[in-house]
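An overview of the molecular structure
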Amino acid sequence: MTATRRNFLAGLGAVTAASTAAAAAPAARPKTAQPNFHPTSLAPEFSLDAAGALRVNPDQQVSYTSCLGCTTQCGVRVRIDRKTGQVLRVAGNPYHPLSSSEPLPFKASVRDSFAALAGARGLAQRATACGRGNAMAEQMHSPLRVKTPLKRVGARGSGQWVPISFEQLVAEVVEGGDLFGEGPVAGLRALRDLATPIDAAQPQLGMKVNQVALLSSVNDGREAFARRFVQQSFGSINYVGHGSYCGGSYRSAAGAVFGDMKAMAHGKPDIEHAEFVLFVGTAPGNAGNPFKRQGAQLAQARAQGKLRYVVVDPVLTQADSQPSADRSHWLPIRPGTDGALAMAMIRWMIDNDRCDTHFLSQPSLPAAEAAGEAAWSNATHLVIVEPGHAREGRFLRASDLGRPVAEADRYGDKDAFVALDAEGTPQLHAEMKAAARLVVDQKIDLDGRPLAVKSAFALLAESARAQRIDDYAAACGVPAERIVALAREFSAHGKRAVVNVHGGTMAGNGFYNAYALLTLNTLVGNLNRKGGQLMGGGAFRDAGPGPRYDLDSFPGKVKFSGTPIGRNVPYERSAEFARKKAAGTPYPADAPWWPNAPQLSTEWFSATANGYPYPLKALFLWSTNPVYGIPGLRAQALTALADPRVLPLVIAIDPFINETSAYADYVVPDALLYETWGWAAPWSGVPTRASTARWPVIPSATARTADGQPVGMESFFIALAKAMRLPGFGADAIADAQGAR
C-alpha cells in the first residue's frame, strides 16, 4: 500500500492505540446516570432530551450581545455564573448573520434556537464564536486592567502613576493649572475658544477650539456619543477613527471607483456564490472583515469544490495549506507593487478580449437596467484630450456642449457626462437608455471646431499598454507566465470572479494600487452580482431623529468648521494656497495634502510637532494605540507625545495602558465589551441590513462616580460637559419626537 499522509497518520494512531492497550487495559467504565460530558467541563447551560423536553441550568445566565474581540463585532451568547457574576464562556448567536451561516429567523423561539444549537439539523444553523472571541473573557479580570483614574507623577512615559478621584480628574482637565509641576497647562474650558482664530492670517484653519482633538479606534457602537461631545458640543473638527492606518487607501480608492467620495462604499466578495476570488494583501479568515464569517464561507465553498482562490501577499499565511489542497494558492509579490500586477492583468484582459463589454457599454443606470445589468460604469464616457484645451484630461460635460446648466452646478453631479450612441452622436449619459460606443478615439464637432476625445475605456487600455507584461512582472516580482495564468483564470468565470483587497494596500501608493485592483472587478462587471462584489445591506440608524427621541438636534449645537489637522482636504481650499496664489506661486505646498483621504490620524503627530498646519493643545486617545498600530510612526509620534512643551495635555480613555497611552497625562478607565452599550453593524460581507445591540450583561468593574455611575467614556464626557455647561448635555439634553425635553 502506498503511504500517504492520511493513511500514515491513521496507521500511527492504530499502532499507538495497540501499544497502549498492550501496556495496560483499562477497567470497564461503569454505567452512570450522570450527563455525558467531560468531568472538568462546565455544566451544560441547557439539556434537550429525545422527547424534546427542555431543562435550563438555573445557575447560569445566558445573555445575547456582541463581541469586541475584533472589529467584526459578531453576535454572541455570553454564559455567566449567577453566583460569581463571572463570564464562563462565549458562544455564537444563532440568530446573527456573522455567527451562523444560516441564521435563525427572528420569529424562531429561544427553545427552537436551543434545538438548533444542540444539532437538531446537524451543522446547519449552528453558531460559533472564534478563539479570539472566547479569549476576550480573560480581559474582564485581567490584573493589568485600569479601574480607577490615574494621573502621572513623573515625566511622560516614565510609568509613574497615582490614583485620583473622578472629581479631581474632571476638575483638573477642565480648569488646568500647574498640574504636573512643569508649568501651567490650559484646561478644556480655556481651550474651548469658538471666537478666536488659530491664526488670524489664516482664517481657513478655524477657531482655537480645533486644537483639541480625539483619536479613537473602530466604531464599537458608541462613536455617536463621543462625536456628540467632541464635535457637536465642544466644537472641534478634529475627531477621527483608525481608518487611516487600517484601510484608508482602499476606502478612498473604492470611493473613486464607485464615484462617491463621501460614502466610500465598502465592497466584499460574495464568497457563497463565487467561483474564483483573488485576495490581495488580505488572507481570508485571518484578515479582511468579516473574519469568522468569511473563513467559514470559504471553507464550505472549498469543501464543496466550487471555489478556487489565490492569495497575493508578500508573506506566506495560513491561506495556503494542505487541507485546502489545489483549491487555494499563494502568490508572493514585492510589497507595494500590487498595482503593477493589476495593470498587467488589465492589459492582458483587454488585449485578449476578456472584458465584459456588454456591461462596460452601458453608460447609465436606465441603459443598464434595459440591458439586464445590475450596475453601470463610466467606461463609455468621453474625456477631453485636445492638447492645450482648458479642460484637457477632464470628462466632457453637458455644459461643454452648450446645454443649460446653472453656474453653481457646472462640473458637478447635475452636469451630465457625454457618450457616443451607436450612430456616433454625442448624447448626455443620463438620457441614454441603450449601449454606447465603448472604444472611442476621435474628434467630435463642438461649436464648429474639432475636439479630440477618448472614452475612459480607451484611456485605460492606453495606460495599461504603456508597459509590457514583462515590465510589470519585473516590477512586482511575479513571473509573467503566472500573471497571464492569473488573468486567464480571473476572466474565465464571467461575473462570478472577484478581487478582494483592504488593508494590504496601506502604502504610499496604496490608493493607486487599490484603484487598479478594483478596476478588475469593473472589467468583469461583477458589481452586485451573485459571486461578484457584494455591497452590504448596511445598518439601521442608531443616532439622529428617531420615532421616540431626537438624538441629533439640541439647542446650542455647534457647527464645527475649519481645516482638519490631518490635511485630508484639497490644498486649493487652504489658507496656504490662497496666500501663495496671491503672491503668484501657489505651488508647491509646504507638505502633502490629501483631498481624497477619509481620515488621516497618521499626520496628527507630525503636524503637532512641526505646527503645520497648526499644533494641537490637547489630545484624547480613546481605546487606540497608533504608536503600535502604525508602522514607522513611533519616532515622530513620540516627538509630540513625550514632550509636554509640544503637546501640553494628553488624556487616554482606555481599560489598559498601551504603547501610546503610556505617554498620557491622565488615564481614564473605560468599560470593556460585555459592560457597555452600543449599536454595531456588520461589515459589507453581509447582504442583509442589520444592527446588533450590545448591552451590559455584567456590571462594569471600574470605579463609580458620586452618583453611582461606572467611570468610563460616557460618564467622563458627561461630567466634563456639565462642568463647562456645554450644550447637549444635562437634564434637558434629549428631546422626544415632539420636541419636549
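Structure's up top.
Further remarks concern the environment of Gly544. Checked against the element boundaries, Gly544 lands in the loop between β22 (533–535) and β23 (549–550). Taking relative accessible area as the criterion, Gly544 reaches 6% and is therefore assigned buried. Sequence spacing of Gly544 and Ala224 is 320 residues, and the spatial spacing of their C-alpha atoms is 9.2 Å. In this view, Gly544 contacts Tyr549, Asp550, Leu551 and Asp552; residues no more than four positions away in its chain are not counted.

Glancing now at the pattern of salt bridges. Using the criterion set out here, one finds 28 salt bridges in the structure. The partner of Glu45 in a salt bridge is Arg77, with the nearest N and O atoms 2.6 Å apart. Of this pair, Glu45 sits in the loop between α1 (5–23) and β1 (46–48) while Arg77 sits in strand β4 (residues 75–81), and the two are 32 residues apart along the sequence. Like Glu45, the residue Arg77 is buried in the burial classification. In this structure, Arg152 engages Asp665 in a salt bridge whose closest nitrogen and oxygen atoms are separated by 2.5 Å. Here Asp665 lies in the loop between β25 (649–653) and β26 (666–668) and Arg152 lies in strand β6 (residues 150–152), a separation of 513 residues in the sequence.

A few words now on the nonpolar core. Counting residues in hydrophobic clusters, the biggest one holds 52 residues, and the most contacted among them are Leu278, Met345, Met349, Phe490 and Leu520. It is helix α9 (residues 338–351) that contributes the most residues to this core, ten residues altogether. Each residue touching Met349, except ones within four places of it in the same chain, is listed here: Arg354, Cys355, Ala487, Phe490, Ser491, Leu520, Leu523 and Val524. Counting 37 residues, the second-largest nonpolar core is a separate cluster that includes Leu214, Trp622, Ile653 and Leu720.

Further remarks concern the pairing of β25. The side chains of a regular strand alternate, residue by residue, between the two faces of the sheet. In terms of burial, β25 is a largely internal element, five of the five residues being buried. Of the two faces of β25, the one carrying Leu649, Ile651 and Ile653 and the one carrying Val650 and Ala652 are both buried. In the sheet, strand β24 (residues 618–622) pairs with β25 via five bridges, with the strands oriented parallel. Its bridge partner lying in β25, Phe620 is registered against Ile651. Inspection of the sheet shows β25 paired to β26 by three bridges, in the parallel sense. Counterpart to Ile651 in the pairing with β26 is Tyr666.

Summed over all chains, the structure comprises one cavity of 30 Å³ or more. Approximately 40 Å³ is the volume attributed to the largest cavity. Lining the largest cavity are Lys268, Pro269, Ile271, Pro290, Arg293, Gln294, Gln297 and Gly685. Those elements giving two or more residues to the lining of the largest cavity turn out to be β12 (267–269) and α8 (291–303). Counting residues per element, the lining of the largest cavity draws most heavily on α8, which supplies three residues. In terms of residue class, the lining of the largest cavity is made up of three nonpolar, three polar and two charged.

Once that is clear, we can look at helix α15 (residues 510–523). Because the α-helix completes a turn every 3.6 residues, residues three or four places apart line up on one side. Helix length check: α15 (14 residues) gives 20 Å between terminal C-alpha atoms against 20 Å at 1.5 Å per residue, within 8%. Of all 14 residues in α15, ten are buried, a share of seventy percent or more. Two residues or fewer past α15, Gly525 is found with a positive phi of approximately 60°.

Our next topic: the packing of aromatic side chains. Geometrically, a pair of aromatic rings is defined through the distance of the ring centres and the angle of the planes. On inspection of all chains with the given rule, the structure shows 21 aromatic pairs. Measuring from centroid to centroid gives 6.2 Å for Phe229 and Phe234, while their planes differ by 35°, and the two rings are tilted. Phe234 matches Phe229 in its accessibility class, with the two residues each being buried. Here the aromatic cluster, defined as three or more aromatic residues joined through ring pairs, consists of Phe225, Phe229, Phe234, Phe620, Phe716, Phe717 and Phe729. The positively charged end of Arg152 is found above the aromatic ring belonging to Phe180, 4.2 Å away from the centroid.

Looking at where Gln709 falls in the secondary structure, it is placed in the loop between β28 (692–694) and α20 (713–724). Residue Gln709 is classed as partly exposed on the basis of its relative accessible area of 44%. Measuring from C-alpha to C-alpha, the distance between Gln709 and Ala516 comes to 51 Å, with 193 residues separating the pair along the chain. Residues contacting Gln709, with those up to four places away along its chain left out, are Ala703 and Arg704.

Strand order in the open sheet formed by three strands is β3-β4-β5, and the pairing between neighbours is antiparallel. Pairing within the sheet leaves two strands with one partner each, and these edge strands are β3 (60–66) and β5 (87–92). Within this sheet the neighbouring strands show an average axis-to-axis angle of 25°, counted without direction. In terms of strand pairing, β3 meets β4 through seven bridges, oriented antiparallel. Looking at the pairing, Ser63 lines up with Val78 of β4.

All right, on to the side chain of Asp670 then. In this fold, Asp670 is placed in the loop between β26 and β27 (678–680). The class of Asp670 is buried, set by a relative accessible area of 0%. Within the structure, Asp670 has its side chain in polar contact with the side chain of Arg222 (distance 2.7 Å). Polar contacts involving the side chain of Asp670 include one to the main-chain amide nitrogen of Met713, which spans 3.0 Å. The residues touching Asp670, leaving out its near neighbours within four places in the chain, are Arg145, Arg222, Trp622, Ser623, Ile653, Asp654, Pro655, Thr702, Val711, Gly712 and Met713.

Reading the values: rules and limits
Residues numbered from 1 in each chain as written. Predicted model: local features only at pLDDT ≥ 70, side-chain atom pairs only at ≥ 80, totals over all residues. Heavy atoms only, no water. Helix = DSSP H or I, 4+ residues; strand = E, 2+ residues; numbered from the N terminus. Buried < 20%, exposed > 50% of the residue type's maximum accessible area, 1.4 Å probe, protein only. Contact = heavy atoms within 4.5 Å. Salt bridge = Lys/Arg side-chain N within 4 Å of Asp/Glu carboxyl O. Core = buried A, V, L, I, M, F, W, Y, C linked by side-chain atoms within 4.5 Å. Pairing = 2+ DSSP bridges. 1 Å grid on protein atoms, 1.4 Å probe; cavity = no way out; pocket = protein on both sides within 12 Å on 5 of 7 lines; lining within 4 Å. Points joined across faces, edges and corners; volume = space filled by probe spheres on them. Nonpolar A, V, L, I, M, F, W, Y, C, P; charged D, E, K, R; others polar. Expected span 1.5 Å × (residues − 1). Phe/Tyr/Trp six-rings, centres within 6.5 Å; stacked < 30°, edge-to-face > 60°. Lys NZ or Arg CZ within 6 Å of the ring centre and 35° of its normal. Axes fitted to C-alpha atoms, helices over the stretch in contact; angles between N-to-C directions. Polar contact = N/O pair within 3.5 Å; in protein donor to acceptor, adjacent residues only side chain to side chain.

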